[in-house]
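Inside the fold
Each chain is listed here by its residues.
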Amino acid sequence: MMTKATKKSGKSTKREVPKVESSGDEIRGAVREHYGNLAKTGSSCCSTKESSCGCGGLYSQTEILSLPQDAIAVSAGCGNPTAIASLKPGMVVVDLGSGGGIDAFLSARKVGPKGLVYGIDMTPEMIHRARKTARETGIENVEFRLGEIEHIPLDAGVADVVISNCVINLSPDKQQVFKEAFRVLKPGGRLAVSDIVLISELPEDIRENLTAWSSCVSGAVSEKEYVGAMKNAGFEQIKVEDRVVYTHEQLSDYLKSYEYADRPELRGRNLSELIASYRITAVRPRK
Ligand SMILES: C[S@@+](CC[C@H](N)C(=O)[O-])C[C@H]1O[C@@H](n2cnc3c(N)ncnc32)[C@H](O)[C@@H]1O
């Protein structure tokens, strides 16, 4: 989450913003464009101290130092799912929405040469970037595949662990994503996600904004809906490990990157406790 959108030049309080018209393909198209641009520009929130996310707060210094700089440069997560994934040498891991590969590369180190990590992402520029980083840094136990997490390009039952960092909120069909995560996990396999969850109703103009969706704000659903979709998919032992609720300052600073802060509707509005970053684990039952 919380990748800063490229600021458009000039100030305009009346600028029309794209609306969420709710076709799944339209949403995925906007999301793909957003992250395609990030892959090309490499302007991650990781380098922005005042941002409400960022590698500094999400990953340990040791982890940051162990990671390829090119992956850090496009990191756009809202947590660190590898910290709750219980990864062990030899495991097979699937990273849903792997982006520049930050969590895939961390996982690759943890599962070692006998393990394997699949990174799945629908944005070609991200896949190309992650593959290039893997090649240039000699990380051999990762494989990046182009595809939608609603239709994971992997056989059933291949994974010991499925991780995801700030991606499922972006999907227009979260139920289908959890169904697919369940399918690719081995019986007894673990799901470990960091994601944005809605705490209370968003102002309409944010909720309907496609840029806000691409930036992991307006696609977020409530904990009840999120956990409900996991349960419907068949997951058990669902546990909210922790959650960080965004303050007014964090969210309004973030929205400033879209010039929302200049919009009259938002002036004086309290933006605290609208969304939070959650870390959730679950298990695919053995039978
Ligand atoms: C917020 S970024 C997070 C990237 C990475 N997990 C990280 O922590 O840096 C979201 C990523 O998910 C990908 N993505 C979003 N929706 C997707 C979908 N439906 N299928 C596959 N990838 C998707 C985007 O292309 C983007 O690379």
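How each quantity is defined
Residue numbering note: each chain is counted from 1, following its sequence as written. With pLDDT at 70 or above as the cut-off, local features in this predicted model cover only qualifying residues; side-chain atom pairs require 80 or more to be listed or tallied, and sums for whole chains, interfaces and linings still use all residues. The term nonpolar core refers to a group of buried residues, namely Ala, Val, Leu, Ile, Met, Phe, Trp, Tyr and Cys, whose C-beta atoms join them within 7 Å. Working definition of burial: number of other C-beta atoms within 10 Å of the residue's own, with buried at 20 or more, exposed at 12 or fewer, and partly exposed in between, all C-beta atoms being placed from the backbone. Each helix is a run of DSSP H or I of at least 4 residues and each strand a run of E of at least 2, with the numbering of both proceeding from the N terminus. For every residue pair, C-beta atoms are placed from the backbone, and the pair is scored as a contact if these atoms sit within 7 Å. For each residue, a C-beta atom is positioned from the backbone; the residue is called near a molecule or strand if that atom sits within 6 Å of it. In this analysis, strands are considered paired if DSSP registers two or more bridges between them. Whether a crossover is right-handed depends on one test, that the path from the first strand over the helix to the second runs clockwise when the strands point away from the viewer. Working convention: axes come from line fits to C-alpha atoms, limited for helices to the stretch in contact. Angles between N-to-C directions cover 0 to 180 degrees. Angular relationships are summarised with four words: roughly parallel below 35 degrees, roughly antiparallel beyond 145, roughly perpendicular across 65 to 115, and oblique for the angles in between. A clockwise turn of the near helix away from the far one marks a right-handed crossing, whereas an anticlockwise turn of less than a right angle marks a left-handed crossing.

Turning to the nonpolar core, a few remarks are in order. Formed by 79 residues in total, the largest nonpolar core has its most connected members in Val-93, Val-161, Val-162, Ala-181 and Ile-275. The dominant element in this core, judged by the number of residues it contributes, is strand 5 (residues 185–198), at 7 residues. Those residues in contact with Ile-275 that lie beyond four places of it in its chain are Ile-196, Val-197, Leu-198, Ile-199, Val-217, Ala-220, Tyr-246 and Leu-251.

With that settled, consider the site of the ligand. Neighbouring residues of the ligand: 26 residues in total, closest Gly-77, Gly-97, Gly-99, Met-122 and Thr-123. Elements with a minimum of two residues in the shell around the ligand: helix 1 (24–41) and helix 5 (102–111).

With that out of the way, let us pick up the pairing of strand 1 (residues 92–96). Of all 5 residues in strand 1, 5 are buried, a share of seventy percent or more. As paired strands, strand 1 and strand 2 (residues 116–121) are joined by 5 bridges and run parallel to one another. Paired with Val-92 across the strands is Leu-116, a residue of strand 2. Handedness of the crossover is the feature at issue here: the chain leaves strand 1, passes through helix 5, returns alongside strand 2, and the resulting connection is right-handed. In the sheet, strand 1 pairs with strand 4 (residues 159–165) via 4 bridges, with the strands oriented parallel. Bridged to Asp-95 within strand 4 is Ile-163.

At a minimum axis separation of 8 Å, helix 7 (residues 174–184) and helix 10 (residues 223–233) run at an interaxial angle of 45°. With respect to each other, helix 7 and helix 10 are oriented oblique. Relative to helix 10, helix 7 is oriented so that their crossing is right-handed. Seen from helix 7, the contacting residues are Lys-174, Gln-175, Phe-178, Lys-179 and Phe-182; seen from helix 10, they are Ala-229, Met-230, Asn-232 and Ala-233.

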